[in-house]
4 protein chains.
Amino acid sequence: MTNRFHGIIGYTITPFSADGEQLDLPALGQSIDRLVAGGVHAIAPLGSTGEGAYLSDSEWQQVAQYSLERIGKRVPSIVSVSDLTTAGAVRRARFAQQHGADALMVLPAAYWKLSEAEILQHYRAIGAAVDVPIMLYNNPATSGTDMPVELILRIVREVDNVTMVKESTGDIQRMHKLQLLGEGQVPFYNGCNPLALEAFVAGAAGWCTAAANLIPELNQQLYKAVLAGELEQAKALFYRQLPLLEFILKGGLPATIKAGLAMTGLAVGEPRRPVFGLDDSGKATLQALLKQLGNAG
Amino acid sequence: MTNRFHGIIGYTITPFSADGEQLDLPALGQSIDRLVAGGVHAIAPLGSTGEGAYLSDSEWQQVAQYSLERIGKRVPSIVSVSDLTTAGAVRRARFAQQHGADALMVLPAAYWKLSEAEILQHYRAIGAAVDVPIMLYNNPATSGTDMPVELILRIVREVDNVTMVKESTGDIQRMHKLQLLGEGQVPFYNGCNPLALEAFVAGAAGWCTAAANLIPELNQQLYKAVLAGELEQAKALFYRQLPLLEFILKGGLPATIKAGLAMTGLAVGEPRRPVFGLDDSGKATLQALLKQLGNAG
Amino acid sequence: MTNRFHGIIGYTITPFSADGEQLDLPALGQSIDRLVAGGVHAIAPLGSTGEGAYLSDSEWQQVAQYSLERIGKRVPSIVSVSDLTTAGAVRRARFAQQHGADALMVLPAAYWKLSEAEILQHYRAIGAAVDVPIMLYNNPATSGTDMPVELILRIVREVDNVTMVKESTGDIQRMHKLQLLGEGQVPFYNGCNPLALEAFVAGAAGWCTAAANLIPELNQQLYKAVLAGELEQAKALFYRQLPLLEFILKGGLPATIKAGLAMTGLAVGEPRRPVFGLDDSGKATLQALLKQLGNAG
Amino acid sequence: MTNRFHGIIGYTITPFSADGEQLDLPALGQSIDRLVAGGVHAIAPLGSTGEGAYLSDSEWQQVAQYSLERIGKRVPSIVSVSDLTTAGAVRRARFAQQHGADALMVLPAAYWKLSEAEILQHYRAIGAAVDVPIMLYNNPATSGTDMPVELILRIVREVDNVTMVKESTGDIQRMHKLQLLGEGQVPFYNGCNPLALEAFVAGAAGWCTAAANLIPELNQQLYKAVLAGELEQAKALFYRQLPLLEFILKGGLPATIKAGLAMTGLAVGEPRRPVFGLDDSGKATLQALLKQLGNAG
């Protein structure tokens, strides 16, 4: 199974009406077109940034179907699939595949802490239900489940279509371990924005980022500089965009990315409650950061 | 608003069919009757033990309505209400009130970490939607949100019907702080089984526990010994049941309580996947623990 | 080997001259007389409160010898022995025994993290060097070494004169585990002031506390109330002294206890640098707390 | 004050006699000559690897004086100065300067947790006592004190001769923050071996490492590849030495480096108790790792 995913993989947001109740699919379409126009190498709908966890089943399906149609194979798509129950995750996985997803990203959400056997079985069930490749996603800060590298590699070995790993713990040493224990054969992706430079240097195949909604050129220039071995340039590009990367992480991706899109001409509403939109002070900071980077709307 | 909740508050489980897909409401009814017969002072449906987080909206409503009817005001009821969205939590809160819940227990579930302002607004919205008293529930291990005592007391002050606090961090010093900063006016409840003795000694009004499905008499004897100031007896009763309390906590409440009910004659199925049922080795240990306590089915 | 240690075990401070350079042994003598007059059941020189870690070898020996002479067997003594090297700890242990210590308290200080085998060997070497009983002391916050209950009990089994355990993690469940796994045969002591009530309720044989320098009567009344099974009174006594107990813990024991002694008429200098003495705001708070408790100098 | 420290800064070990009691200064001299011959850019005596914390004052002085004489200005020297008391650290700082140290590395060791004001005052006192530049050293795992970047930069601003920072938390984002908040003006050094590549890429001026006792050529080749912007080569060199870097960190630097020196012909004894030497299984692993890297003695 060859791996088509590399470089800058942009997350979509999920636009809502002003009261947070209705989906705004036309705005979603515009944001997808922006990502494609910005040159991302792939698009990832319904991730953490896309507030997938806050949607009803019906809304989730609408967003998945609409996103895949709008992407229209212009770039590869990888749909995030997550549900507290294995049955629910399997349903979403099948739905995404049926509607054309090129791959799935699977985060094992947990209320009750999961054992390694339970996590393995969860991936096994999802893997058996679809044919497309799966990117295992480790992000204990949102999922409550931290998968050690040894478990991750066991899942990769035992579940055929789990072929990629996304690491978001923020600990670069996890990527070293993936590289060493995976003997360079398991492509890994970075999901922690402030590690963008180091992850590429350590061998990450791609960077999954919501920043591509706001500064896609800078994201790509960084990737290209590393690919070209231009270390000084990569470092300069990284430190240039780092304040924005830290700001969106600290301020919450849905709130900050949605505010940034509004500043650059695309109204997409606020995050769904209880998550707040960016406050005025945050907006002023974001505006200043974007202006410094030449993208002030 | 007077407080009717004290003593042993028993959690219900949610029985499923063998494949985990269908609800088994008659078994739920029997488990509720057992709790009442066991002498619990109140019943709490749809908590963590009740796998409320793993139910669809429709299932959640069926379980809430059925539980409240079956309890039938024989003891007070407190229904756990939790949803990642404020709108969803409000809907569940209204539903529970409409169907006769005497109180609600509200845990602020989080995917994206919540700020204090977001948590306060979440409680404010739920409080405004219902008239019944609300027990604020702090359990970072499952919810991903840890509310410091200062925030908890601010919510109690600012939201009229938040009148009780359940603390499940496992740190007895949180209860000291609730007692001192709350000036003894805010009733607090213990949700950490291995702290049962200390919490009562520190002034907890009640103990919310799934153990009441298996050893209700021992739970009550402990409470009564503390009330009577029989310290040596309370200590002996506590250490007697502690191995079981630690076992069910460590083994996962849905898995262990469901296995224990099966051993004592009430088949309630297994937890919903990805959570596993108790394995054979765990069952043997549980059987031995129950036998020591005189409840071996 | 019978155990003579129970109840309130008071820590000594180590008085310095105004510049922190010289020992003030006469003031040390007065503080010891105060502890005895206050009714403590035993005295523990050179613990954390006694700044044992900040003394040169020669100073340490002067303080140990002087303290033991001044105590003069009026109450049992237990001298804290700690050194980064095993050889240094053995030397201090022998010195304390030679000068009449009734027991030793041993904390395994660490720069490089110690393995369980290294910790065991450390206790074995000290145990072999002396005849007096040893109280194993677990306090990861100061020592950097956290000994799980299983390791503690292994050391108790394997090193003959390690017969007592002092637990200062602040987690009451460690004491439960000592009680259950130790089958009630291993006396344990509480070193975390805010757990004073719960530790006694859970079965602690004693409370090692610096608070006995300031409020020895309240400390003892709490102990006696628990012994007498007077739960309501114990609870009231506990909550009465808790604000002071939390203050001295949070403010640093050497700084707060030394300030409190000065307020009550005994000048003992400040902690040795880099540790600061209590600042003016802290002194005002401490004065108010002591006044409330009827000990305002 | 110009900064002469860059590249590979090698730590010395402190050789002992077989029983751990006596210093073996001739062996220390040989190990220093090896470091110089290996091409390190500077030498750092008496650091964590050098067991400085486990030496008596007299031993510490002997090792400092001997090391500085033997280095003999062939490369710059930076002597680690650490003591629980400010007075003791000042004495060591003065001694090192008097005997020719080109710079000092200062770690704020703590028994009682230090406030930011206490840490600042500690550095101020040491800074005022000497003229040579000081490298502030942050390593919470060994010192128990974690200095946030904001505090570090405040100390750099307020204490004239604190001009360099060594970061050993293992979190690369601390270095990003040093670079951004320090506006590229504060040279920082990496003390976490597994971050060697990323730290250089992020802008670290040097890498302080005990590995230079065993694989100095590989350490330097990595540094030179980054300087030359040869990213692919740097990455290959990093992953080649990473298993050894992780092994020495996990196994404890004094134990593993001393074992490695013995394997390559220089007997330096074992670490001082309670720290154990490397066991047979560890020695076999180390031997294999060194053999793979072409340094098998």
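Residues numbered from 1 in each chain as written. Chains lettered and ligands numbered in written order. Predicted model: local features only at pLDDT ≥ 70, side-chain atom pairs only at ≥ 80, totals over all residues. Heavy atoms only, no water.

By the naming in an unreviewed UniProt entry, chain A goes by Dihydrodipicolinate synthase family protein and is assigned to Pseudomonas muyukensis. UniProt lists a comment for chain A under the heading Sequence similarities (unreviewed entry), and it reads "Belongs to the DapA family." (UniProt positions renumbered as here; feature names shortened; annotations may be inferred.)

Caption draft 1: Focus on the pattern of salt bridges. As enumerated under the stated definition, the model contains 52 salt bridges over all chains in all. Bridged by salt links that share partners, the residues R4, K73 and D102 of chain A form one connected network. (Salt bridge = Lys/Arg side-chain N within 4 Å of Asp/Glu carboxyl O.)

Caption draft 2: Inspection of the environment of E270 of chain A at higher detail. All names here are of chain A. Residue position: E270 is located in the loop between helix 11 (253–263) and helix 12 (280–292). Between the alpha carbons of E270 and A259 there is a distance of 7.7 Å; along the sequence they are eleven residues apart. Leave out the neighbours within four places in its chain, and E270 touches F16, K258 and G277. In terms of polar contacts, E270 uses its side chain to reach the side chain of R273, at 2.8 Å. (Helix = DSSP H or I, 4+ residues; strand = E, 2+ residues; numbered from the N terminus. Contact = heavy atoms within 4.5 Å. Polar contact = N/O pair within 3.5 Å; in protein donor to acceptor, adjacent residues only side chain to side chain.)

Caption draft 3: Geometry of the environment of D171 of chain C. Structurally, D171 of chain C is set in the loop between strand 6 (162–167) and helix 7 (172–181). Only 2.9 Å separates the side chain of D171 of chain C from the backbone nitrogen of Q173 of chain C, close enough to count as a polar contact.

Caption draft 4: Broad picture of the relation of the copies chain B and chain C. Rotating chain B by 180 degrees and moving it 0.0 Å along the rotation axis overlays it on chain C with an RMSD of 0.0 Å. The transformation just described matches what one would write down for a two-fold rotation axis. Relative to the rotation axis, the closest C-alpha in chain B is found at E198 of chain B, a distance of 2.8 Å. In this assembly, 100% of the residues forming the interface of chain B have copies in chain C that are likewise at the interface, indicating an isologous arrangement. (Least-squares fit on C-alpha atoms with pLDDT ≥ 70 in both.)

Caption draft 5: Focus on the packing of helix 10 (residues 231–251) of chain B against helix 12 (residues 280–292) of chain B. Residues and elements named next belong to chain B. Interhelical geometry of helix 10 versus helix 12 gives an angle of 155 degrees and a closest axis separation of 10 Å. Classified by the interaxial angle, the pair formed by helix 10 and helix 12 is roughly antiparallel. Here helix 10 runs over helix 12; the crossing is left-handed. Along the contact surface, helix 10 presents R240, P243, L244 and F247, while helix 12 presents G282, T285, L286, L289, L290 and Q292. Split into classes, the residues belonging to the contact of helix 10 with helix 12 amount to six nonpolar, three polar and one charged. (Axes fitted to C-alpha atoms, helices over the stretch in contact; angles between N-to-C directions. Parallel < 35°, antiparallel > 145°, perpendicular 65-115°, else oblique. Left-handed = near helix turned anticlockwise from the far one by under 90°. Nonpolar A, V, L, I, M, F, W, Y, C, P; charged D, E, K, R; others polar.)

Caption draft 6: A look at the arrangement of the chains. If you take every C-alpha in chain A and every C-alpha in chain C, the smallest gap between them is 20 Å, and the two do not touch. In this structure chain B stays clear of chain D, and the shortest span between their C-alpha atoms is 20 Å.

Caption draft 7: Spotlight on the packing of aromatic side chains. All names here are of chain C. Enumeration according to the criterion identifies 24 aromatic pairs over all chains in this entry. Judged by centre distance (5.1 Å) and plane angle (40 degrees), the ring pair of F200 and Y223 falls under tilted. Of this pair, F200 sits in helix 8 (residues 196–202) while Y223 sits in helix 9 (residues 216–227); the two residues are 23 residues apart in sequence, bridging distant segments of the chain. By relative accessible area, F200 is classed as buried at 6%. Classification of Y223 as buried rests on a relative accessible area of 10%. (Phe/Tyr/Trp six-rings, centres within 6.5 Å; stacked < 30°, edge-to-face > 60°. Buried < 20%, exposed > 50% of the residue type's maximum accessible area, 1.4 Å probe, protein only.)

Caption draft 8: Molecular detail of helix 11 (residues 253–263) of chain C. Residues and elements named next belong to chain C. Counting buried positions over the eleven residues of helix 11 gives ten, a clear majority of the element. Structurally, helix 11 contributes buried residues whose contacts are with helix 1 (25–37), helix 10 (231–251) and helix 12 (280–292). Of the residues one or two after helix 11, G265 is the one with positive phi, at around 95 degrees.

Caption draft 9: How the structure looks around the packing of helix 3 (residues 86–98) of chain A against helix 4 (residues 116–129) of chain A. Residues and elements named next belong to chain A. Two numbers describe how helix 3 lies on helix 4: the axes approach to 9 Å, and their chain directions differ by 30 degrees. Regarding the angle of helix 3 to helix 4, the classification is roughly parallel. In terms of crossing hand, the pair formed by helix 3 and helix 4 is right-handed. Facing helix 3, whose interface residues are T86, A89, V90, A93 and R94, helix 4 presents H122, A125, I126 and A129. Among the residues making up the contact of helix 3 with helix 4, the classes are represented as six nonpolar, two polar and one charged.

Caption draft 10: Here's a closer look at the interface of chain B and chain C. Across the boundary between the two partners, chain B contributes 24 residues, which contact 24 residues of chain C. Across the interface of chain B and chain C, roughly 2100 Å² is buried in total on both sides, 66% from carbon and sulfur atoms. At the boundary of chain B with chain C, the tally comes to zero salt bridges. For the pair chain B and chain C, the interface holds four residue pairs in polar contact (both at pLDDT 80 or more). Residue assignment for the side of chain B that touches chain C shows that the elements contributing at least two residues are helix 7 (172–181), helix 8 (196–202) and helix 10 of chain B. Here the side of chain B that touches chain C gets seven residues from one element, more than from any other, and that element is helix 10 of chain B. (Buried area = accessible area lost by both parts, 1.4 Å probe.)

Caption draft 11: Structural detail: helix 10 (residues 231–251) of chain A. Residue and element names in this part refer to chain A. For helix 10, with 21 residues, the first-to-last C-alpha span of 29 Å sits near the 30 Å given by 1.5 Å per residue. Remark: the principal bend of helix 10, roughly 40 degrees, maps to Q241, with a proline, P243, within the next four residues. When helix 10 is considered as a whole, its buried residues turn out to be L231, A234, K235, L237, F238, Y239, Q241, L242, L244, L245, F247 and I248. Positive phi appears at G252, one or two residues downstream of helix 10, with a value of about 90 degrees. (Expected span 1.5 Å × (residues − 1). Bend = angle between axes of the 7 residues up to and from the residue.)

Caption draft 12: Local environment of the sheet that holds strand 1 (residues 7–11) of chain B. All names here are of chain B. On the basis of which strands lie adjacent, the open sheet formed by eight strands has the order 2-1-8-7-6-5-4-3 and parallel pairing. In the strand order of this sheet, the two ends are held by strand 2 (42–44) and strand 3 (78–81), each with one partner. If you compare each strand with its neighbour and ignore which way they point, the axes differ by 30 degrees on average. Where strand 5 (residues 134–138) meets strand 6 (residues 162–167), five bridges bridge the pair, whose relative direction is parallel. Bridge pairing links M135 to M164 in strand 6. (Pairing = 2+ DSSP bridges.)

Caption draft 13: Structural context of the sheet that holds strand 7 (residues 188–190) of chain A. All names here are of chain A. Read from one edge of the open sheet, eight strands run 2-1-8-7-6-5-4-3, paired in parallel fashion. Looking at which strands have only one partner, the edges of the open sheet turn out to be strand 2 (42–44) and strand 3 (78–81). The average undirected angle you get between the axes of adjacent strands in this sheet is 30 degrees. Relative to strand 4 (residues 103–106), strand 3 runs parallel, the two being bridged by four bridges. Paired with V79 across the bridge in strand 4 is L104.

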